[in-house]
Amino acid sequence: MSLLDDFLVRAILAGIGLVLAAAPLGCFVVWRRMAYFGDATAHAALLGVALALAFNVSIFAGVLVIALLMAFTVSTLSGRGFAMDTMLGVMAHSALAFGLVAVSFVPNVRVDLNAYLFGDILAVGRSDLAVIWGGAVLVSVLLYWRWSALLTTTLNPDLAMASGLSPRREQLILSLALAMVVAVAIKVVGTLLIAAMLLIPAASARPFSRTPERMALIATLIGMLAVLGGIQGAFTFDTPTGPTIVTVAALIFVLANLVRLLRSQVK
Amino acid sequence: MSLIEIDNVTLHLGGRLVLDDVSMTVEPGEIVTIVGPNGSGKSTLMKVVIGALQPDSGAVIRKPGLRIGYVPQKLHIDPTLPLTVRRFLSLPKRVSNEAAHAALDDAGAGHLCMRQMTDLSGGQFQRVLLARALLSEPDLLILDEATQGLDQTGSADFYSQIERLRQNKGVAVLMVSHELHVVMSTSDRVICLNGHVCCHGAPEHVASAPEYRALFGTGTHGALALYRHDHSLDHCDHDHAQDHAHAHTHDHGQNHSQNQPQDKVTSA
């Protein structure tokens, strides 16, 4: 256990825990074109933080409840023929604005606001680590269990229906997983960058994948690389850790797509 | 016993009467086509057959243990989703390699196994969808506008594949189309739907029925006959020029003496 006394080890473990859940889920976010959906849910998290502080409950619980509410609202609306990108844009940014306003009412938080917006992975404690890994394992199990059904629904809802699956149920399962990941990620990369941890590893893995499973696996590896590289980089250059992790992920994304371009030139 | 029997089914969707007292059956080994204009309730009727929708009144009787294979309209697969044909066949239930290859061969897509779904042409894609439907060894294949977006040669090839399947496996087929002329040659029976069953029977009968012509206009009628040709001819490779010539003899030689002669002008 003495290993966990090192804050660096805790930070690395927290990052890897998050990636284990976020990378496979991120693949679904990419395949289903839910990027904005992820954004809206993630931005709502700040409102959850404010409520948790005001009512003196755990941040994780507060964020989870609000993220769940947001995710279910959005997935309910998505079936109703609203102009979805506008709707999600409105909800994502107003959730963030409401969160910022709400936080300002809670005394003594303004100092920590940065930690909630950009994460504070180096301050992850043992109990945080337990929450992060608990949530990550839950999401992984959920995704593993529903994998085939989720994929079929992603492919085509009618096809899923003809196979006796309920697209509605699978959509709710994804919403649940998304809310969990948001609640887990807020400590690691913060509200503003959660969507990046969902999207970028998955998008970087696409050029190297021939099957969905492969893409999820490669996305996980790329995410881990970004966490390790980001923590190292933050140390070397004395930069904020969460944004540095996302920066490394973005660099990998650029590299991956350069490789893809080169390969298609060779062909 | 019929594979599917639909008795006096009525169904409202969103307050609108979509199916009005519809009755129909599909017998084993039979190819039945439902035609009708857009919004005539064709897809709704398919959903009732599959069991995805429950009728307000009337009965849907399926033969006990009936296995249905469903071929949807062209699917859009997002290019961000990497998916080989082989992997696609194992969704949602994993299938053995032998079963996958057998189904692909039956659908005329044996060589596509390791290709990416997003790289397939329209015709190849529909064959893969057909292969997927065949995996459950269905007694009844349901095709919902399965050739939409294919050119005429592509559709004709696809339907002759369906006909071969019926011959080799004895599978019954229920398909939906809004282009009767394309499916004429393969259908045993045609049901013309417009909320209610306007008319039904052999393809020639429906094509010349006044109800059908009222729905589709006389312009279509000429085209209809084009694709009705003798089953004894094999048409793996459709020679359209020949079909045309063929059709005209039918058109002129056949029936509807009671119909206006200017019709033939339109068709020529």
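In this report, we go over the structure that sits alongside the text. (Residues numbered from 1 in each chain as written. Chains lettered and ligands numbered in written order. Predicted model: local features only at pLDDT ≥ 70, side-chain atom pairs only at ≥ 80, totals over all residues. Heavy atoms only, no water.)

What follows concerns the sheet that holds strand E1 (residues 4–13) of chain B. The pairing of strands in a sheet comes from backbone hydrogen bonds and takes either a parallel or an antiparallel form. Residues and elements named next belong to chain B. Reading across from one edge, E2-E1-E4 is the order of the three strands in this open sheet, with antiparallel pairing throughout. Here the strands that pair on one side only, and so sit at the sheet edges, are strand E2 (16–26) and strand E4 (57–62). Between one strand axis and the next, the sheet turns by 25° as a mean value, whatever way the strands run. Summarising the sheet, E1 and E2 pair through seven bridges and their orientation is antiparallel. Its bridge partner being in E2, Ile6 is matched across the sheet by Met24. (Pairing = 2+ DSSP bridges. Helix = DSSP H or I, 4+ residues; strand = E, 2+ residues; numbered from the N terminus. Axes fitted to C-alpha atoms, helices over the stretch in contact; angles between N-to-C directions.)

All names here are of chain A. When the terminal C-alpha atoms of helix H4 (residues 84–105) are compared, their 31 Å separation across 22 residues agrees well with the 32 Å that a helix rising 1.5 Å per residue should span. Taken as a whole, H4 has its buried residues at Leu88, Gly89, Met91, Ala92, Ala95, Leu96, Gly99 and Val103. Contacts from the buried residues of H4 go to helix H2 (35–54), helix H3 (59–77) and helix H5 (113–118). (Expected span 1.5 Å × (residues − 1). Buried < 20%, exposed > 50% of the residue type's maximum accessible area, 1.4 Å probe, protein only. Contact = heavy atoms within 4.5 Å.)

Listed per partner, the contact involves 20 residues of chain B and 21 residues of chain A. Contact between chain B and chain A buries roughly 2000 Å² in total, counting both sides, with carbon and sulfur atoms accounting for 61%. Linking chain B with chain A are two salt bridges. Note that Asp78 of chain B and Arg33 of chain A form a salt bridge whose closest N and O atoms lie 2.6 Å from each other. (Buried area = accessible area lost by both parts, 1.4 Å probe. Salt bridge = Lys/Arg side-chain N within 4 Å of Asp/Glu carboxyl O.)

Residue and element names in this part refer to chain A. A cluster of nonpolar side chains, namely Phe253, Val254, Leu258 and Leu261, defines an oily patch on the protein surface of about 340 Å² accessible area. Here Leu261 shows up in helix H11 (residues 241–266). Exposure remark for Leu261: the relative accessible area of 45% places this residue in the partly exposed category. (Patch = residues over 30% accessible without salt bridge, like charges linked within 9 Å, V, L, I, M, F, W, Y side chains within 5 Å. Areas by Shrake-Rupley, 256 points an atom, 1.4 Å probe, with all protein chains shown as cover.)

Counting 128 residues, the largest nonpolar core has Leu18 and Trp31 of chain A together with Phe88, Met117, Leu130, Leu141 and Leu143 of chain B as its most contacted members. Ranked by residues supplied to this core, first place goes to helix H1 (residues 7–31) of chain A with 14 residues. When residues are assigned to domains, this core turns out to be shared by domain 1 (4–67 + 138–267) and domain 2 (73–136) of chain B, each giving three or more. Grouped together as the second largest cluster of nonpolar side chains are 25 residues, Val18, Val32, Leu140 and Leu193 of chain B included. (Core = buried A, V, L, I, M, F, W, Y, C linked by side-chain atoms within 4.5 Å. Domains from an automatic or database assignment.)

This part is about the sheet that holds strand E6 (residues 140–144) of chain B. Residue and element names in this part refer to chain B. Overall, mixed pairing links the six strands, which are arranged E5-E6-E7-E3-E8-E9 in an open sheet. The open sheet has two edge strands with one neighbour each: strand E5 (68–71) and strand E9 (196–201). Strand after strand, the sheet turns through a mean of 15° between neighbouring axes, direction not considered. By the bridge criterion, four bridges tie strand E3 (residues 31–35) to strand E8 (residues 189–194) in an arrangement that is parallel. Looking at the pairing, Ile34 lines up with Ile191 of E8. Lying on the sheet, helix H4 (residues 122–134) is in contact with E5 and E6; it crosses E5 at an angle near 165°. Each of E3, E6 and strand E7 (172–177) is contacted by helix H5 (residues 152–169), which is oriented at about 170° to E6, the strand it contacts most.

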